[in-house]
Amino acid sequence: WSAVISAHTKLGEDERAFVLFSNMLRTGIQPDKITFLSTLKACRNLSCALYTRIVHDHLIKGGYQTDIVVANSLADVYAKCGNLAEAHYVFTVMPYKDVVSWSALITGYTAQGKGLHALQLFESMQSEGIIPDRVIFISTLKACSGTNAIKQARMIHEQVIRHGHEHDLFISSSLIDIYAKAGCLPDANNLFEMMPNRNSVSWVTLIVGYSQHGNGHHAMELLGKMYQGGVEVDRVAFLSIMKACGIAKDIGKGKQIHEDVVSRGLLKNDVILGTALVDMYVKCGTLEKAQQV
């Protein structure tokens, strides 16, 4: 039973995996740890709190609620389903908690827009002597961004350096985003300059930050360097760059972006990208060009 349930989950047939789990129970065969983990994975993919509660009931009957791996998976599934109360309950009754336990809850609260609660959990985790991992740093930085908690972001930045994650591309980009949104542009720029590797997210985050805080000239200089460096620009990056060009009212760079978007065939059937282009020309005061687009 475990083998076939696991196979269906791996193939993305999560609904069928749960049906098999239910059929297994009807035959009187008790699930083991592997069965529960596979079925919980299916519940997570389905984002179904009802299925998760059913599995939860049976793992309690089987005595697996104290198994740290199963309990972590259960808390993670509840959190991803948006049922934070159940996730917190599972977390609370764990006999002991590791970094995965804390990560499941912190990530869950952050994903549900409860950044302040996520940051409180982060502090509690540290008081327990648990060392944060990459996933927790990413989640807490996202929480800081959502709550505009620049003081906490600086403290997390110090710990990122202390634990050797300062060269992580995603973490560095998240920090740049927080500093830029808060108007701490020197901090954002210093971090950007220290990055050994940069992607389009790093560049665009800083460009938009300068634009939004009235430094359009610097933003467009960065955009020029980005293009000169041959950085690959995707659809999401183009949306942000158009916004920056509109804020800076740089029609020259705006037209360059327009040509680039057209040459890549990105405007076909993309209403959002087309609307962003119209908005950019309107903000630059070029209404005829906006009308043409």
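A brief look at the structure comes next. (Residues numbered from 1 in each chain as written. Predicted model: local features only at pLDDT ≥ 70, side-chain atom pairs only at ≥ 80, totals over all residues. Heavy atoms only, no water.)

**Some details on the packing of aromatic side chains**
By the definition in use, this model includes seven aromatic pairs. On the numbers, 4.8 Å between centres and 75° between planes, the contact of phenylalanine 91 with tryptophan 102 is edge-to-face. Here the residue phenylalanine 91 occupies a position in helix H6 (residues 84-93), and tryptophan 102 occupies one in helix H7 (residues 99-111), the gap between them amounting to eleven residues. Here phenylalanine 91 and tryptophan 102 have matching classes, each one buried. Sitting over the ring of phenylalanine 192, arginine 198 keeps its end group 4.3 Å from the ring centre. (Phe/Tyr/Trp six-rings, centres within 6.5 Å; stacked < 30°, edge-to-face > 60°. Helix = DSSP H or I, 4+ residues; strand = E, 2+ residues; numbered from the N terminus. Buried < 20%, exposed > 50% of the residue type's maximum accessible area, 1.4 Å probe, protein only. Lys NZ or Arg CZ within 6 Å of the ring centre and 35° of its normal.)

**What about the nonpolar core?**
Within the largest apolar cluster, 86 residues are counted, with the highest numbers of intra-cluster contacts made by Met226 and Met242. Element by element, the count of residues in this core is highest for helix H5 (residues 68-80), at eight residues. Those residues within four positions of methionine 242 in sequence are excluded, and the remaining contacts are Ile257, Val261, Leu273, Ala276, Leu277 and Met280. (Core = buried A, V, L, I, M, F, W, Y, C linked by side-chain atoms within 4.5 Å. Contact = heavy atoms within 4.5 Å.)

**As for the pattern of salt bridges**
Enumeration according to the criterion identifies eleven salt bridges in this entry. Here the residues in one salt-bridge network are Arg44, Asp76 and Lys80, joined through shared partners. (Salt bridge = Lys/Arg side-chain N within 4 Å of Asp/Glu carboxyl O.)

**Here we look at helix H1 (residues 2-10)**
Considered for burial, the residues of H1 that qualify are Ser2, Ile5, Ser6, His8 and Thr9. Down the axis of H1, the buried set is contained in an arc of 160°. They therefore lie on one face. What points out from H1, more than 90 degrees from its buried face, is the exposed set Ala3 and Lys10. The secondary structure elements touched by the buried residues of H1 are helix H2 (14-26) and helix H3 (33-46). (Arc of directions from axis to C-beta.)

**Remarks on the state of the cysteines**
Inspection of every chain in the model, using the stated rule, returns zero disulfides. Considering cysteine sulfurs only, cysteine 48 is the nearest to cysteine 81, which forms no disulfide, with 6.8 Å between them. Cysteine 245 takes part in no disulfide bond, and the closest cysteine sulfur, belonging to cysteine 284, lies 7.0 Å away. The class for cysteine 245 is buried, based on a relative accessible area of 0%. (Disulfide = S-S within 2.5 Å.)

**Some remarks on unusual backbone geometry**
Among all residues save glycine, negative phi is the norm, and among peptide bonds the norm is trans. If you check the backbone angles, serine 47 has positive phi at about 50° while not being a glycine. Along the chain, serine 47 turns up in the loop between H3 and helix H4 (49-61). We classify serine 47 as partly exposed; its relative accessible area is 44%. Even without a glycine there, the phi angle at asparagine 269 is positive, about 60°. Summarising the element assignment, asparagine 269 is placed in the loop between helix H16 (251-263) and helix H17 (271-283).

Such coordinate-based values are descriptive only and should not be taken to indicate function.
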